[in-house]
Each structure stands twice: as structure tokens, then as C-alpha cells.
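One-letter residues, chain by chain:
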Amino acid sequence: MSVDLKLLDKTIKLSVEKIDSELLTAVKKVAVAVDGALVLATPVDTGLARNNWLPSLNVKRNFFDATVKGSPVNVKRTKGQLLKLELGDIIYFTNNLPYIGKLNKGSSKQAAANFVQKAALTAANSLTGLRV
């Protein structure tokens, strides 16, 4: 019995490419879902906190935008950023408002403490079927 090693190599490479492609698609879906869940879970007064969820790839954002109030405007910009994701990238979901930590500790009656962690887990679990 003989094995065509070139064909085997080609088959393995195609399989790896397909797995990588499917994995990347799944990671992008989870990332977009997590971002959306964070935005929707964030308590609203002026809309500033909701609009300052600024995901980034490989580098943490160190600023906030004091001009974006009202309904969430970052959805398109966020989705565009997350769709640039490649395997191996690190996704940071950052909100640098000085009071976001207090909000996450339960200072608002609109959201329970740890809404950030709960939103991220709920979004990820809804797409992956995993339970953490």
C-alpha cells in the first residue's frame, strides 16, 4: 500500500485552512455579541458610558470620548474594528470613563453589580453553547 504524501499534505493544509476560517468567523461573532451586550447592559443617564465601549485589537485604548452622548453610536465603528480581527489577535473591550468602575460595582439602580462580566459571559455563552 502506498500513500501519496503530497496529496496528504495538501488535504491537511486545506483542512487546517477551513478550521482556521471557521474559528475566525466564530470568534468575530462572539466579539461583536460581547460588545453589543456590554453596550446594552451599561446603565444610561446621558449615554456617555454606553458610547465609550471602545473595543480594540492588540492595544488597549487609553482614552474616552466625552462628545458621544445619546443613543449608542459606536456600533458601526465597533463592528468594523472587530471584523478586522485575525487569529492570534487580542481583543480588548475598554471603557475608560472615570466612573465605569463605580457603575460596575452597582452604583446605578439600572444595573446590578458586575454587569460587565455578566454581559460578556451571557453573550459568549449564547453563541458558543458553553457554560462558564
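This structure is a prediction, so every number in the text was calculated from the model and none was measured.

Re a nonpolar patch on the surface
Where nonpolar side chains cluster on the molecular surface, the patch consists of Val3, Leu5, Leu8, Ile12 and Val16 and spans about 470 Å² of accessible area. Position of leucine 8 among the secondary structure elements: in helix α1 (residues 5–41). You can call leucine 8 partly exposed: its relative accessible area is 41%.

Quick word on the environment of glycine 36
Looking at the element boundaries, glycine 36 is found in helix α1. Along the primary structure glycine 36 and tryptophan 53 are separated by 17 residues, whereas in three dimensions their C-alpha atoms are 9.2 Å apart.

With respect to the confidence of the model for the protein chain
Taken as a whole, the protein chain shows an average pLDDT of 85; of its residues, 89% reach a score of 70 or greater. When the elements of the protein chain are averaged for pLDDT, helix α2 (residues 75–82) gives the smallest value, 71, and helix α3 (residues 100–104) the largest, 95.

Looking at the pairing of strand β1 (residues 54–57)
Of the two faces of β1, both are covered, the one formed by Leu54 and Ser56 as well as the one formed by Pro55 and Leu57. Sheet topology places β1 next to strand β2 (residues 91–94); 4 bridges connect them, and they run antiparallel. Pairing of leucine 54 across the sheet is with threonine 94, part of β2.

Side note on the pattern of salt bridges
Enumeration over the complete set of coordinates arrives at 2 salt bridges. Taking the shortest distance from any N to any O, the salt bridge between lysine 18 and glutamate 22 comes out at 3.9 Å. Of this pair, lysine 18 and glutamate 22 both sit in helix α1, separated by 4 residues, roughly a single helical turn.

Section: the nonpolar core
One finds Val34, Leu38, Trp53 and Ile100 to be the most contacted residues of the largest nonpolar core, which totals 17 residues. Counting residues per element, the ones that place at least two in this core are α1, α3 and α4 (115–128). In this structure isoleucine 100 touches Thr42, Ala49, Trp53 and Asn95, once residues within four positions along its chain are discounted. Of all hydrophobic cores here, the second largest spans 5 residues; its members include Leu24, Ala31, Leu82 and Leu85.

Cut-off values and rules
Residues numbered from 1 in each chain as written. Predicted model: local features only at pLDDT ≥ 70, side-chain atom pairs only at ≥ 80, totals over all residues. Heavy atoms only, no water. Patch = residues over 30% accessible without salt bridge, like charges linked within 9 Å, V, L, I, M, F, W, Y side chains within 5 Å. Areas by Shrake-Rupley, 256 points an atom, 1.4 Å probe, with all protein chains shown as cover. Salt bridge = Lys/Arg side-chain N within 4 Å of Asp/Glu carboxyl O. Helix = DSSP H or I, 4+ residues; strand = E, 2+ residues; numbered from the N terminus. Buried < 20%, exposed > 50% of the residue type's maximum accessible area, 1.4 Å probe, protein only. pLDDT = per-residue confidence, 0-100. Pairing = 2+ DSSP bridges. Core = buried A, V, L, I, M, F, W, Y, C linked by side-chain atoms within 4.5 Å. Contact = heavy atoms within 4.5 Å.

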